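Coordinates in review
What follows is each chain in one-letter form.
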Amino acid sequence: MSIPLLGILSVKVLEMTFHRKIFSARDWRAAWIFGVVASLVLYPSALGLTHIDTYRWGWAPHGLLAAVALITIVLLWGKNRFGL
């Protein structure tokens, strides 16, 4: 299980348990967009459908770390809780 999926499931369980909204509709939309983009980038490589090894990018995180940090900053700047 991935860390983002664990976070999303935790938020949903907390929302259902305490009957309080933690994520707004905008936050959930960001989570869905993240899931779609991540799956479109990672699954073809995992299935061997491409010659590009996207999982290798995680072991040499030069640009990847900067991109993730930038996306997180943009989400937090826009007051989107999915950035947390």
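Residues numbered from 1 in each chain as written. Predicted model: local features only at pLDDT ≥ 70, side-chain atom pairs only at ≥ 80, totals over all residues. Heavy atoms only, no water.

**So, the nonpolar core**
- The biggest cluster of nonpolar side chains holds eight residues, and these are Ile8, Val11, Phe23, Trp28, Ala30, Ala31, Leu75 and Phe82.
- Secondary structure elements with two or more residues in this core: α1 (3–18) and α2 (25–46).
- With three residues, the top contributor of residues to this core is α2.
- The residues contacting Phe82, other than those within four sequence positions of it, are Ile8, Phe23, Asp27, Ala30, Ala31, Phe34 and Leu75. (Core = buried A, V, L, I, M, F, W, Y, C linked by side-chain atoms within 4.5 Å. Buried < 20%, exposed > 50% of the residue type's maximum accessible area, 1.4 Å probe, protein only. Helix = DSSP H or I, 4+ residues; strand = E, 2+ residues; numbered from the N terminus. Contact = heavy atoms within 4.5 Å.)

**Brief notes about the confidence of the model for the protein chain**
- Scored by pLDDT, the protein chain comes out at a mean of 88, with 98% of its residues at no less than 70.
- Element-level mean pLDDT values for the protein chain span from 86 in helix α3 (residues 62–77) up to 92 in α1. (pLDDT = per-residue confidence, 0-100.)

**Some remarks on the environment of Lys12**
- By the element assignment, Lys12 lies in helix α1.
- Its relative accessible area of 37% is what places Lys12 among the partly exposed residues.

**Here we look at the packing of aromatic side chains**
- Scanning all chains against the criterion turns up three aromatic pairs.
- Geometrically, the ring pair formed by Phe23 and Trp28 is edge-to-face, given 5.1 Å between the ring centres and 65 degrees between the ring planes.
- In this structure Phe23 comes out as buried when scored by relative accessible area, which is 7%.
- When the centroid spacing of 5.7 Å and the interplanar angle of 55 degrees are considered together, the rings of Phe34 and Phe82 count as tilted. Residue Phe34 is located in helix α2, and its partner Phe82 is located in the segment after α3; the two are separated by 48 residues in the primary sequence.
- Classification of Phe82 as buried rests on a relative accessible area of 17%.
- Feature note: the residues Phe23, Trp28, Phe34 and Phe82 constitute an aromatic cluster, connected by ring pairs. (Phe/Tyr/Trp six-rings, centres within 6.5 Å; stacked < 30°, edge-to-face > 60°.)

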